[in-house]
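Residue-level structural notes
Chain residues, written in single-letter form:
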Amino acid sequence: MNIIIVGAGEIGTHIARSLAAENHAIVVIEADEEVAQYLNSQIDARVMVADGTAISSLIEAGISDCDLFLSLTSDNNNNIVSASVAKRLGAKKSIARVHPGVQRDSLFLDFGEHFGVDYLFSSERLAAVELAKYVRNPESAMVEEIAQGYVEIQQVYVSEKSKFSNKPLSAIDFPVRVRVGAITRGKETIVPSADEFLMPGDLVTLCGEPSKLHETIMRMQNRSVKDEKSNIVIFGGGEYGFSLAQSLESWNCRIRIFEVDAERCEELSDLLTNVTILNADATSIAEMKEELIGEADFFIAVTDVDEDNVMTCLQAHSLGTKYCLPLIHRADYADAMTGFGEKLGILAAVSPREATRKDLSRFITSDRFHLIHKLEGVELIESSVSENSSIVDKMVKEIQWPEDCVLVAHLHGSRSEVPAAEDIIAKEDSLYALVKPKAKRAFLKLVAP
């Protein structure tokens, strides 16, 4: 693919290195000459010292032949402007990194649609979604966040005492937009119809909005939601900590944020109504003991300093905290920590750079689909609806979907959810589906012929 990247900061450099290693044709535009020269010596790509918002720079970079345009600087306005201009100049797909506040404001205005940008994302929010996944499901068989974390895919076993056992799916009162995508029974995997029964011991693949999905899983395993109130401590009240607390605030949990900046504590107190804000430093073992960190279920360190995040997690574990999660900005360090962290009491380490790369990877393919996850007997894939598809402007219930195929998510602009029967499919929407290998061709023929 021909890919143009604006911005060679932490996120841009990580993405550029990853794409260059995959032999894509990369052009990086960076305004800082020193940063540009360093990147040029590190990767096999063309690096330009230029303004990524300037039309002349974009034309020189080859915008008319660009398959994917990524604006990844730390400046909201620059990213949105450059991505918008790039789209108008001929980029097939245009993506901009934004501040988490812009995504929160998308409830009132779809900025992507307004500025003609195909996709807006926040690396802070993506990292928060990844961290929240582990908080909600620390011991799950499999969890996958899709559609910017608005939809979750999770596998769970049906308890013998579950009220769902020995019932057809049509007789079970699932919450709205919660769906059974697959059932694994022994060595057989079934993509179910409404008449399929759930049996004790079945491994069920469920999809839905995270809080509704959690409620369903509690019922499926005959557990009480009220009995499970997690005690969560977050170290760091910056954008990562705030985004994480906000995503967990409606959850059945007690949240405390440690923040060393008193002024930021006041801001957080105004923004978060169900979270306790403490003007304290978790690098102090005395303050950790005073706040009874050892009694917490989760200790999550999300400051800007990787060393502080790791060391405070180790301290929390030594005090008795059950699960510890550090934010690690360097992706290679995060991989190492995830691999060996269990011995140190660390459940997982999350990298904003890697969370961003994972989220954007679905755009970086010349195939008609992106493979997100391979499960036993089925694949979770994503595909964009092409303009010449026969399903454009039709309701989900009007479409004859292939057998052994279940839609699990529908991404339309900034709105993402499990599709309902009356939802309308538009061109360039992203559809996520669980399909058996034999049904994949038929699904793609329908969505992206």
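Residues numbered from 1 in each chain as written. Predicted model: local features only at pLDDT ≥ 70, side-chain atom pairs only at ≥ 80, totals over all residues. Heavy atoms only, no water.

Another aspect to go through is the nonpolar core. With 29 residues, the main nonpolar core has Ile-232 and Ile-300 as its most contacted residues. In this structure Ile-232 touches Val-135, Leu-248, Cys-253, Arg-254, Ile-255, Arg-256, Phe-298 and Ile-300, once residues within four positions along its chain are discounted. Residues Ile-5, Val-28, Ala-355 and Phe-363 belong to the second largest nonpolar core, which totals 26 residues. (Core = buried A, V, L, I, M, F, W, Y, C linked by side-chain atoms within 4.5 Å. Buried < 20%, exposed > 50% of the residue type's maximum accessible area, 1.4 Å probe, protein only. Contact = heavy atoms within 4.5 Å.)

Moving on: the packing of aromatic side chains. Scanning the model with the defined rule gives six aromatic pairs in all. Geometrically, the ring pair formed by Tyr-119 and Phe-121 is stacked, given 6.4 Å between the ring centres and 20 degrees between the ring planes. Note on accessibility: Tyr-119 and Phe-121 belong to one class, buried. Among the aromatic side chains, those forming a connected cluster through ring pairs are Tyr-119, Phe-121 and Phe-363. A cation over an aromatic ring shows up here: Arg-125 above the ring of Tyr-150, its NZ or CZ 4.6 Å from the ring centre. (Phe/Tyr/Trp six-rings, centres within 6.5 Å; stacked < 30°, edge-to-face > 60°. Lys NZ or Arg CZ within 6 Å of the ring centre and 35° of its normal.)

Now for the sheet that holds strand β11 (residues 188-190). If you trace the five strands from one edge of the open sheet to the other, you get β7-β8-β13-β10-β11, paired in antiparallel fashion. Each edge of the sheet is formed by a strand with only one pairing partner; in this case those strands are β7 (142-146) and β11. Strand-to-strand twist in this sheet, taken as the mean axis angle between neighbours without regard to direction, amounts to 15 degrees. Of the pairings in the sheet, the one linking β7 to strand β8 (residues 151-157) comprises five bridges and is antiparallel in character. For Glu-145, the partnering residue across the bridge sits in β8 and is Glu-152. (Pairing = 2+ DSSP bridges. Helix = DSSP H or I, 4+ residues; strand = E, 2+ residues; numbered from the N terminus. Axes fitted to C-alpha atoms, helices over the stretch in contact; angles between N-to-C directions.)

Quick look at a negative patch on the surface now. On the surface, Asp-261, Glu-263, Glu-266 and Asp-270 cluster together into a negatively charged patch. Structurally, the position occupied by Asp-261 is in the loop between β15 (253-258) and α10 (262-271). (Patch = residues over 30% accessible without salt bridge, like charges linked within 9 Å, V, L, I, M, F, W, Y side chains within 5 Å. Areas by Shrake-Rupley, 256 points an atom, 1.4 Å probe, with all protein chains shown as cover. Salt bridge = Lys/Arg side-chain N within 4 Å of Asp/Glu carboxyl O. Lys, Arg positive; Asp, Glu negative; His and termini not counted. Charge placed at Lys NZ, Arg CZ, Asp CG, Glu CD.)

Let us look at the sheet that holds strand β25 (residues 430-435). Read across the open sheet, the five strands follow the order β19-β20-β25-β22-β23; overall the sheet is antiparallel. Two strands in the sheet have a free side with no partner beyond their single neighbour: β19 (370-375) and β23 (415-417). Averaged over all neighbouring strand pairs, the angle between strand axes comes to 20 degrees, with direction disregarded. Summarising the sheet, strand β22 (residues 405-412) and β25 pair through six bridges and their orientation is antiparallel.

Within the secondary structure, Glu-249 is located in the loop between α9 (239-248) and β15. For the pair formed by Glu-249 and Val-35, sequence separation is 214 residues and the distance between their alpha carbons is 39 Å. In this structure Glu-249 touches Ile-255, Leu-272, Thr-273, Asn-274 and Val-275, once residues within four positions along its chain are discounted. Only 2.9 Å separates the side chain of Glu-249 from the backbone nitrogen of Thr-273, close enough to count as a polar contact. A distance of 3.0 Å separates a polar side-chain atom of Glu-249 from the backbone nitrogen of Asn-274. (Polar contact = N/O pair within 3.5 Å; in protein donor to acceptor, adjacent residues only side chain to side chain.)

On the secondary structure map, His-214 appears in helix α8 (residues 210-220). Taking the relative accessible area as the measure of exposure, His-214 reaches 15% and is therefore buried. C-alpha of His-214 to C-alpha of Arg-136: the two residues are 78 residues apart in sequence and 7.8 Å apart in space. When sequence neighbours within four positions are dropped, the list of residues in contact with His-214 reads Arg-136 and Trp-251.

The next point concerns the pairing of strand β17 (residues 298-301). Neither face of β17 is exposed, since Phe-298 and Ile-300 on one face and Phe-299 and Ala-301 on the opposite face are all buried. Where strand β14 (residues 230-235) meets β17, four bridges bridge the pair, whose relative direction is parallel. Across the sheet, residue Ile-232 finds its bridge partner in β17, namely Phe-298. Bridge count between β17 and strand β18 (residues 323-326): four bridges; the pairing is parallel. Following the sheet pairing, Phe-298 is matched in β18 by Tyr-323. For the handedness criterion, the β-α-β arrangement of β17, helix α12 (residues 306-319) and β18 is classed as right-handed. (Right-handed = clockwise from strand over helix to strand, strands pointing away.)

Turning our attention to the packing of helix α7 (residues 123-136) against helix α14 (residues 352-360). Viewed as axis vectors pointing N to C, α7 and α14 meet at an angle of 95 degrees, and their least axial separation amounts to 8 Å. When the axes of α7 and α14 are compared, the pair comes out roughly perpendicular. On α14, the residues touching Ser-123, Leu-126, Ala-127, Glu-130 and Lys-133 of α7 are Pro-352, Ala-355, Thr-356, Lys-358 and Asp-359. Residue composition of the contact of α7 with α14, by class: four nonpolar, two polar and four charged. (Parallel < 35°, antiparallel > 145°, perpendicular 65-115°, else oblique. Nonpolar A, V, L, I, M, F, W, Y, C, P; charged D, E, K, R; others polar.)

So, on to the packing of helix α1 (residues 10-21) against α14. Two numbers describe how α1 lies on α14: the axes approach to 9 Å, and their chain directions differ by 55 degrees. Relative to α14, the element α1 lies oblique. Crossing of α1 against α14: the hand is right-handed. Of α14, the residues touching α1 (which contributes Glu-10, Ile-11, His-14, Ile-15 and Ser-18) are Pro-352, Arg-353, Glu-354, Thr-356, Arg-357 and Leu-360. The residue makeup of the contact of α1 with α14, split by class, is four nonpolar, three polar and four charged. (Left-handed = near helix turned anticlockwise from the far one by under 90°.)

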